[in-house]
Amino acid sequence: MEPARCLTRIIGILSMRVSPHDFGVWVMPFLLVSVVIAASGCSRTEHRLQADREAYDVIAERNDDPRWHADDYSIEIDPRSRYFDPCDPDRPPMPSDDPASRQYMRRVSGKKGWEHWHDDGERVELENPAWRAALAEYVEIGADGSVQLNIDSALKLAYVHSPSHQNQLETLYLSALDVTTERFRLDTQFFGGYGATYDRHGSLKDDQLTVGRPSTGNPALQTRRRFASAGELLVGFANSFVVDFPGNGANFVSSIANFSFVQPLLRGAGRDIALEQLTFVERALLANLRAYRQYRQGFYTQVAIGELGVVGPQRGGAGTVIAGFSGQGSVGGYIGLLQQLQRIRNTEDNLSLQERTLARLVAFQEIGVIDLVQVDQFWQSIENERANLLQIHNSFELTLDYYKTGTLGLPPDLPIELDDSLIRQFQLVAREATAVEDAIVELQDRVGELSDDVGIEPIRQVLKDALELVEPVRRQLDDVSPDLVRMEEAVPAREQTMTDEKRKLFLRDREGLHKGLTDLRQQFEQVQAELEILRNGLSEETKDETFNKAVVWLTDLLRLVQGSMLVQARARLETVSVKTIELDSQDAFGTALANRLDFMNGRAALVDSWRSIQLDADALQSVLNVTADGDIRTARNNPVSFRGSTGNLRLGVEFDAPFTRLLERNNYRQSLIDYQRDRRNFIQSRDSLHLGLRGLLRQIEQLRLDLEIQRRAVTIAIRRVDMTRAAFYAPVRPPQPGQRPAQFGPTAATNLLTALSALRNTQNNLMGVWLNYYAARMRLARELGIMMLDYDGSWIEHPILNPSVENSSDSDKPLIAELSLPPAVPTEWIELADRLPQKVVKEADHVD
């Protein structure tokens, strides 16, 4: 408004009769002021902030529905982000350029380049230099500087740093800008400008200065308005002030006001045409707001299980081809990293067990109770296991680096420590129990290295070291009790899907574990008493007997610890359970159609395609426009002295017969084909959704059953390892004089290797099945469109209920009309297509 007022003042001054001298004194300053005001306009920052306000306002208009409400849709990057730019957003410094390319900015094709490229400075770093220091503000940092990572902290890091999420917000923002553009096209638009021309006519010294814009084609002020009926009104005002000097100093002032109006009646007429582009972008913005809400669901699954599964906002609007879940999925993301980590631990435990057993086999080989072939076979298996451990560890590190860069948007060298609480239940044997077992085996090895004529002091030291093992063994037995308690707490969930016979077997197994722990406690009291007797009865006369009994005592203690580990492993194994999902595929399909935001967008996109038929059919009509225009001029050398006698008014009709409509005809025929294609695509998208849900529900049931199979397989594998190891840890009977020692079987080492390998594989399989089930539940919530997220974007887990067994009111049920397809093509359009010549139809069939 300020430039308009200045321009009005200038026009008033120019309306006065002034001399050339007065012109230089009064007119020129106002002319310069008007030029400066018009040239300056708004600053870059003001334009950016104004664009932000309008874009956020149009998003807010449709952000009131809780189904797709977005708490934050600002495109301003978090200052803690690695990608945050602390520089002036409107005048960012120049980034580091390629040296060879830089010369073309200084000089190109022999011409000197622009010298102000470096006025805003040059930046040294592309990244935000403060992002590492800010990590501790929102995630936990360990003592070694590593980021403590769980699903929640990984999600926080991803929202702060992920370029993918930022791209979705920016696409939503750009879609809002499209709306502001189209609204502007239908709003009243103002234009204005002024000019000055100085003419010198040769040697006549008849100079002339013209100030203003005298032509209606380039007026000083102009207003344009497009109406919803497709009409367009244009109103303009032109003004000029002419001074002749040095001559008689005559002044000439003239003004003209004009208007023109065009209203189509056939082709290009109607609200369907005038409002189409605005309608499209308004609907596209709504679709993109929905798509962003759904993208956040997929963003969570991408962080958690490495699968996005959705399509985010698209500036051109959604389509009718909707990507659906294939029915089969794997585990990646953060949970996939935990799975690989636990596989490494299982392999390490297996390797450690093999290494402890190898030392015993070597000792057996030295006394001749096992042949060298079996020992070498066992040794070779250990080397293979070491190589396998190196490979899976390297694969884990590479996957972790990809996760940091691809999912979280962080550099690969950022140290990260994974929180394993989710998979801790699959550590069937506590690390403390393994440490106690290693300590006993180590003491056995030291005892085995003593000579036959050992003195009393080494034996006393052995008994002293054995006494130090008593308390750790007691703690190990105490640690088993909480595992049994947790097993009992898991009974209701476990028994939900069991038959009566399986419940009885399950009860018998639990009672056996409780009895086993009770027996182990009694055995512990016995071995503790036996150790006290051995320590008190040690003397020179009894040292040999005490030594032999100490060897047996260590074996008994080892078997007791191994027995506690077996009870602990079985108890933890029985604790593993999953939440049962009872959902019919047809009910799941109906739930998904009612809640999936992308299918809401798909229905809208199909209507957009259907609507385009009317738009292209409109172009087939004749052109019939009503026009009106007129102007009025000033008289008596006065810029505001308008007189009716100087006015003109013209009314007219424009008609263009539809003789040449080949391009329009082809476009119309293509729109018919495109609509039918989109209609078929949407039907196939619904089928794909139904197929994916059926496959996903089958996979969930398969995994639930497979979990019980893998549970039994682990139980068998644990028993196999226990039985095969028992033979190696049993005391070796001394041979009779003149006879060879009793030999282990020819497959003893092979049996143990097979049992150990089976234990590792079944443990991995059990964990894999459980994690896949967890991922499938998460995936099902997303595919049904019912995944609820909190403000931070974390999944709020709710039971997935079967709607067929719920007592829902009619108000809770989705409307049939909401799920129905758009109506068929109107009959008159089909008849119009049928009336087209066959040649035209054949030509149109070749149009894509």
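The structure displayed is predicted, hence computed values, not measured ones. (Residues numbered from 1 in each chain as written. Predicted model: local features only at pLDDT ≥ 70, side-chain atom pairs only at ≥ 80, totals over all residues. Heavy atoms only, no water.)

What about the overall build of the protein chain?
A tally of regular secondary structure across the protein chain gives 22 helices and 14 strands. Split into buried and exposed, the 848 residues of the protein chain put 44% on the buried side. Intrachain contacts of the protein chain at a sequence separation of at least 6 include 80% that bridge at least 24 residues. For the protein chain, the exposed surface amounts to about 44,400 Å²; the carbon and sulfur share of it is 54%. (Helix = DSSP H or I, 4+ residues; strand = E, 2+ residues; numbered from the N terminus. Buried < 20%, exposed > 50% of the residue type's maximum accessible area, 1.4 Å probe, protein only. Contact = heavy atoms within 4.5 Å. Areas by Shrake-Rupley, 256 points an atom, 1.4 Å probe, with all protein chains shown as cover.)

A closer look at the packing of aromatic side chains
Under the definition given, this model contains 11 aromatic pairs. Feature note: the residues Y300, F426, W770, Y774 and W795 constitute an aromatic cluster, connected by ring pairs. Between the NZ or CZ atom of R290 and the centre of the ring of W68, over which it lies, the distance is 4.4 Å. Above the plane of the ring of F506 lies R494, whose end atom (NZ or CZ) is 4.6 Å from the centre. (Phe/Tyr/Trp six-rings, centres within 6.5 Å; stacked < 30°, edge-to-face > 60°. Lys NZ or Arg CZ within 6 Å of the ring centre and 35° of its normal.)

Focus: helix α17 (residues 597-618)
Between its terminal C-alpha atoms α17 stretches 32 Å, which fits the 32 Å expected from 22 residues at 1.5 Å a residue. Of all 22 residues that make up α17, 16 are buried, and the element is covered over most of its length. (Expected span 1.5 Å × (residues − 1).)

Things to note about the confidence of the model for the protein chain
Scored by pLDDT, the protein chain has a mean of 85; 86% of the residues are at 70 or more. This model gives residues 807-823 a pLDDT under 50, and the stretch forms 19 contacts once residues within four places in sequence are excluded. Ignoring residues within four places in sequence, the model shows residues 836-848, a span with pLDDT below 50, making 12 contacts including any to other chains. (pLDDT = per-residue confidence, 0-100.)

A word on the side chain of S609
Inspection of the secondary structure assignment puts S609 in helix α17. A residue is classified by how much of its surface remains accessible, and S609, at 9% relative accessible area, is buried. When near neighbours in sequence (up to four residues on either side) are disregarded, S609 contacts D674, Y675 and D678.

Let's talk about a negative patch on the surface
A grouping of D88, E115, D119 and D120 is seen on the molecular surface, where their side chains present a negatively charged patch. Summarising the element assignment, D88 is placed in the loop between α3 (44-61) and α4 (99-106). A residue is classified by how much of its surface remains accessible, and D88, at 39% relative accessible area, is partly exposed. (Patch = residues over 30% accessible without salt bridge, like charges linked within 9 Å, V, L, I, M, F, W, Y side chains within 5 Å. Salt bridge = Lys/Arg side-chain N within 4 Å of Asp/Glu carboxyl O. Lys, Arg positive; Asp, Glu negative; His and termini not counted. Charge placed at Lys NZ, Arg CZ, Asp CG, Glu CD.)

Thoughts on the nonpolar core
Grouped together as the largest cluster of nonpolar side chains are 146 residues, with contacts concentrated most on L149, L157, Y300, F378, L418, M778 and L780. When residues in this core are grouped by element, the largest group, 21 residues, is from helix α19 (residues 748-784). Leave out the neighbours within four places in its chain, and M778 touches Y300, T301, A304, I305, I335, M787 and W795. Core analysis: the next-biggest nonpolar cluster, separate from the first, contains 21 residues, I59, Y73, Y173 and L186 among them. (Core = buried A, V, L, I, M, F, W, Y, C linked by side-chain atoms within 4.5 Å.)

Here we look at unusual backbone geometry
Phi is positive for S109, which is not a glycine, with a value near 55 degrees. Here S109 is to be found in the loop between β1 (107-108) and β2 (111-112). Of note in this structure, A230 is not a glycine but carries a positive phi near 85 degrees. Mapped onto the fold, A230 is located in the loop between β7 (221-226) and β8 (232-245).

Points about the pairing of strand β6 (residues 207-213)
Burial runs high along β6: five of the seven residues are buried. The sheet contact formed by strand β5 (residues 196-199) and β6 spans four bridges and is antiparallel. Note that in β6 the partner of T197 across the bridge is T210. (Pairing = 2+ DSSP bridges.)

As for the pattern of salt bridges
Where charged atoms of side chains with opposite charge meet at close range, the side chains can pair. Summed over the entire model, instances satisfying the criterion amount to 54 salt bridges. As a salt-bridge pair, R572 and D483 come within 3.2 Å of each other at their nearest N and O atoms. Here R572, found in helix α15 (residues 543-575), pairs with D483, found in helix α12 (residues 456-489); they are 89 residues apart in sequence, far enough to count as distant. In this structure, R572 and D483 share a single accessibility class: buried.

Describing the side chain of H161
Within the secondary structure, H161 is located in helix α5 (residues 151-161). Exposure remark for H161: the relative accessible area of 1% places this residue in the buried category. At a separation of 3.0 Å, a polar atom in the side chain of H161 contacts the main-chain amide nitrogen of R82. (Polar contact = N/O pair within 3.5 Å; in protein donor to acceptor, adjacent residues only side chain to side chain.)

Quick look at the environment of E276
When you line up the elements, E276 lands in helix α8 (residues 276-305). Sequence separation between E276 and R611 is 335 residues; the distance between their C-alpha atoms is 8.9 Å. Of the polar contacts made by the side chain of E276, one reaches the side chain of R611; its length is 2.8 Å.

Digging into the packing of helix α11 (residues 431-448) against α12
Describing two packed helices takes the angle between their axes plus the distance from one axis to the other. Remark: α11 packs on α12, axes separated minimally by 10 Å, with the N-to-C direction vectors making an angle of 165 degrees. Classified by the angle their axes make, α11 and α12 are roughly antiparallel. For α11 against α12, the interelement crossing comes out left-handed. Across from A433, V436, A439, I440, L443, R446 and V447 in α11, the residues of α12 making contact are V462, D465, A466, L469, P472, V473 and Q476. Looking at the contact of α11 with α12 residue by residue, the class counts come to 11 nonpolar, one polar and two charged. (Axes fitted to C-alpha atoms, helices over the stretch in contact; angles between N-to-C directions. Parallel < 35°, antiparallel > 145°, perpendicular 65-115°, else oblique. Left-handed = near helix turned anticlockwise from the far one by under 90°. Nonpolar A, V, L, I, M, F, W, Y, C, P; charged D, E, K, R; others polar.)

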